[in-house]
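# Examining the three-dimensional arrangement
Single-letter residue listing:
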Amino acid sequence: MVPTDFLRNVKLFANLPEEELINICKQAETREFPRDAFICKEGEEADSMYIIKSGIVQVFCDDGAGGRKILTHLKLGEYFGEMALLTDEPRTASIVALA
């Protein structure tokens with residue numbers, strides 16, 4: 001699959017012109033995370049967003065008692081981290097790779 005084809009199937013980028021998709025592809029990098037690896041942690045500064053090309057991630061925040069409050073699970077084509085980039089605020093949740 002051509003990288004722009006993948007991005008076109010991501011809701012956030014679906015209506016962008018081909019030129020913009022190409023520009024995004026030039027800035028993007030592929031990263032792999034093993035099972036149970038933290039991708040980002042609640043409270044960290046943000047410098048990137050992520051789009052899931054394969055696997056599943058768990059989104060959670062601290063429950064205040066040392067545990068996890070699971071917010072959701074994300075899969076192929078879904079994304080996270082965009083809000084912290086747009087607002088220049090720390091990450092509001094942690095993300096861990098499940099598969």
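Summary of the structure given here. Values in this document were obtained by computation on a predicted structure and should not be read as measured data.

Turning to the pairing of strand β6 (residues 94–97), a few remarks are in order. A two-sided burial pattern is seen for β6, the buried positions comprising Ser94 and Val96 on one face and Ile95 and Ala97 on the other. Both strand β3 (residues 57–62) and β6 contribute to a ladder of four bridges, which runs antiparallel. The partner of Phe60 across the bridge, within β6, is Ser94.

Our next topic: the pattern of salt bridges. Summed over all chains, the structure comprises two salt bridges. For Arg8, the salt bridge is made with Glu18, and the minimal N-O distance between the two is 2.2 Å. Highlighted residues: Arg8 in helix α1 (residues 3–8) and Glu18 in helix α2 (residues 18–27), separated in sequence by 10 residues. On the basis of relative accessible area, Arg8 is assigned to the partly exposed category, the value being 31%. Looking at Glu18, the relative accessible area reads 36%, which means it is partly exposed. Residue Glu78 pairs with Lys75 through a salt bridge whose shortest N-O separation is 3.8 Å.

What counts as what
- Residues numbered from 1 in each chain as written.
- Predicted model: local features only at pLDDT ≥ 70, side-chain atom pairs only at ≥ 80, totals over all residues.
- Heavy atoms only, no water.
- Buried < 20%, exposed > 50% of the residue type's maximum accessible area, 1.4 Å probe, protein only.
- Helix = DSSP H or I, 4+ residues; strand = E, 2+ residues; numbered from the N terminus.
- Pairing = 2+ DSSP bridges.
- Salt bridge = Lys/Arg side-chain N within 4 Å of Asp/Glu carboxyl O.

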